[in-house]
Amino acid sequence: MVTVNFSPEIDHAKTLKILNEIRGDAMGGWVDLPRKYDMAELARIKEAAAEIHEDSDFLVCIGIGGSYLGHRAIIEALRPESPTKIIYAGNSLSHRELENALTELGDADFSINVISKSGTTLEPAIAFEAFKKKLIEKYGAEEAVKRIYATTDAAKGALHDEAVANGYVRFVVPDNIGGRYSVLSAVGMLPMAVAGVDIDKLLEGAAKMAAGFSEEYLAVNAAQVTENPIIKYAWMRYILGKKGYDTEVFASFEPATMYFNEWLKQLFGESEGKNKQGIWPASVVYSADLHSLGQFMQDGRRNLFETIIDFPTDEINAKVVTAVRTAHSMGGIPVLNIGVSEYNEEGFGELIYFFEMACAVSAKLFGVNPFDQPGVEAYKAELKKLL
């Protein structure tokens, strides 16, 4: 269960209107995904993961942004056991990182999961060529194609066409789910299954949160929507934003959740940061950052608020959480507390859906489209000119 410690004033009618808009959006496929998952697709994902476990010491996951941050966040946080180790590539243009990843493979057996809707995004395209070359050199062209798993568009695009032509195993990046909302689709589920994450439990957790936004539930319980912790959080951050708090600092006390923070920054940054609107997403991991950014948090500019993601922990760490909440509140920082009852797949499934829906509602409150990213496309256009 995910809980919050605040109760903002909420416009009930506006909230219902926004929820209807999100559900009806062409990119709203993630809303019911955990409750209505394609079980045949899930079975294919598990089958592919079993094959990779059988023949590969490493799976190279190639992708950038929403194609890797979500599943890496869960894998890094849970650190499950698996016979196959995940290596990440294609998330930068650093030749050193690419060479390090190739070196780490050595002569071990490996497979590739290349994740790209178009297949033309520069960073993963370059990495894919490098690892595909190594794959062919090691196994030969005929065997290599059996070790490439392409997660891409269902019907078009450079990667789709290459996958069809060569007979790669294919999984679909859904047309109605954007990258930063795609962690519970095949984009994230295959790497997580290979890494040893219990994807059934992850879906169960997400489905629990999604149940409160189903058409069936809202038809009967619309009056209770303002009691949902997701709605409370979305409205609380909107209210703070309008009061001049233009930076949100996501705070965790678990070092393993660093990549979950990175996913949150993409989720909120790409969804809200448009038309000169939105709240700047930042993050810290305590207690380490208390000894580096702690001074600024306590005594710096008061343009920020803090959202603590409060996982179950030991007695000492729990006292640190309490001390930070108290000290920062006394220092003039609005502190929001999001309590997570379990540090496991089910708990993270709940948390994924919590933030996805809260982000979409919050962006709508700010009057922007949660599901496009025109600023990212602008950078890509300029890069194409230079190249």
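Residue numbers run consecutively from 1 along every chain, following the written order of its sequence. Only residues with pLDDT of at least 70 get local features here, since the model is predicted, and only at 80 or more are side-chain atom pairs given and counted; chain-wide, interface and lining totals rely on the full set of residues. Hydrogen atoms and water are omitted, and side-chain values are computed over all heavy atoms in the structure.

A. How the structure looks around the pattern of salt bridges. One speaks of a salt bridge when a side-chain nitrogen belonging to Lys or Arg is within 4 Å of a carboxyl oxygen belonging to Asp or Glu. Across all of its chains, the model carries 28 salt bridges by this definition. The partner of Arg180 in a salt bridge is Glu270, with the nearest N and O atoms 2.9 Å apart. Taken together, the residues Arg180 in the loop between β6 (169-172) and α8 (186-195) and Glu270 in helix α12 (residues 258-272) connect sequence positions 90 residues apart. When a residue's accessible area, from a 1.4 Å probe over protein chains only, is under 20% of the maximum for its type it is buried; when over 50% it is exposed; and in between it is partly exposed. A residue is classified by how much of its surface remains accessible, and Arg180, at 4% relative accessible area, is buried. For Glu270, a relative accessible area of 21% gives the class partly exposed. One salt bridge connects Lys265 with Glu262, and the closest N-O pair in it is separated by 2.9 Å. Separated by 3 residues within a single helix, Lys265 and Glu262 lie in helix α12, roughly one turn from each other. In this structure Glu262 comes out as partly exposed when scored by relative accessible area, which is 28%. A cluster of three or more residues bridged by salt bridges with shared partners is formed by Arg23, Asp32, Arg35 and Glu216. Going along the chain from the N terminus, every DSSP run of H or I of four or more residues is numbered as a helix, and every run of E of two or more is numbered as a strand.

B. Local environment of the packing of aromatic side chains. By convention, a stacked pair of Phe, Tyr or Trp rings (six-membered ring in the case of Trp) has centres within 6.5 Å and planes under 30 degrees apart, an edge-to-face pair has planes over 60 apart, and any other such pair is tilted. Following the criterion strictly, the structure yields 24 aromatic pairs and no others. Both rings, one in Trp30 and one in Tyr353, keep their centres 6.0 Å apart while their planes meet at 55°; by these two values the pair is tilted. A residue pair is termed long-range when its members are at least 10 positions apart, and Trp30 in the loop between α1 (12-24) and α2 (39-55) and Tyr353 in helix α15 (residues 345-365) qualify at 323 residues. Residue class for Tyr353 comes out buried when judged on its relative accessible area of 0%. Here the aromatic rings of Phe250 and Phe268 are separated by 5.5 Å at their centres, their planes lie at 40°, and the arrangement is tilted. In this pair, Phe250 sits in strand β7 (residues 247-252) while Phe268 sits in helix α12, placing the two residues 18 residues apart along the sequence. Residue class for Phe250 comes out buried when judged on its relative accessible area of 0%. Stacked on the ring of Phe171, the Lys or Arg Arg44 has its end atom at 4.4 Å from the ring centre. Lysine NZ or arginine CZ positioned within 6 Å of the ring centre and within 35 degrees of the ring normal marks a charge as sitting over the ring.

C. Fine view of the nonpolar core. Counting 86 residues, the largest nonpolar core has Phe260 and Phe355 as the members making the most contacts within it. Residue contributions to this core peak at 12 residues, all from α15. Throughout, a contact is declared for two residues whenever any of their heavy atoms are within 4.5 Å. Residues in contact with Phe260, not counting those within four places in the same chain, are Ala73, Ile74, Ile309, Phe348, Leu351, Ile352 and Phe355. Here, nonpolar core means buried Ala, Val, Leu, Ile, Met, Phe, Trp, Tyr and Cys residues that are tied together by side-chain atoms lying within 4.5 Å of each other.

D. Layout of the sheet that holds strand β1 (residues 2-4). The 5 strands are arranged β1-β10-β9-β7-β8 in an open sheet whose pairing can be described as mixed. Each edge of the sheet is formed by a strand with only one pairing partner; in this case those strands are β1 and β8 (280-285). For this sheet, the mean angle separating the axes of adjacent strands, direction not counted, is 20°. One ladder, built from 5 bridges, connects strand β9 (residues 304-310) with strand β10 (residues 335-340); its direction is parallel. Its bridge partner lying in β10, Glu306 is registered against Val335. For helices, the fitted axis covers only the stretch in contact; all axes are lines through C-alpha atoms, and the angles between them, taken along N-to-C directions, range from 0 to 180 degrees. Sheet contacts for α12: β7, β8 and β9; angle to β8, the most-contacted strand, approximately 175°. We treat two strands as partners when DSSP finds at least two bridges between them.

E. Spatial organisation of the pairing of β9. Of all the 7 residues making up β9, 7 are buried; the element is thus mostly covered by neighbouring parts of the structure. Of the two faces of β9, both are covered, the one formed by Leu304, Glu306, Ile308 and Asp310 as well as the one formed by Phe305, Thr307 and Ile309. Pairing of β7 with β9 involves 6 bridges; the strand directions are parallel. Among the inter-strand pairings, Ser252 is bridged to a residue of β9, identified as Ile309. As for the winding sense of the linkage, the β-α-β connection from β9 through helix α14 (residues 315-330) to β10 is right-handed. The handedness rule is simple: strands pointing away from the viewer, and a clockwise path from the first strand over the helix to the second, make the crossover right-handed.

F. Seen up close, helix α11 (residues 229-242). In this scheme, a helix's expected span is set at 1.5 Å multiplied by one less than its residue total. Taking 1.5 Å of rise per residue, 14 residues should cover 20 Å, and α11 covers 20 Å from first to last C-alpha, within 8% of that figure. A large share of α11 lies buried, amounting to 11 of its 14 residues. For α11, the set of buried residues is Pro229, Ile230, Ile231, Lys232, Tyr233, Ala234, Trp235, Met236, Arg237, Tyr238 and Leu240. Definition of a polar contact: a pair of N or O atoms within 3.5 Å, with one able to donate and the other able to accept a hydrogen when the atoms are protein atoms, and with sequence-neighbouring residues admitted only if both atoms are side-chain atoms. Taking the backbone nitrogen of Ile230 as reference, a side-chain oxygen 2.9 Å away marks Asn228 as the first, capping residue of α11. Once α11 ends, the next one or two residues include Gly244, with phi positive near 100°.

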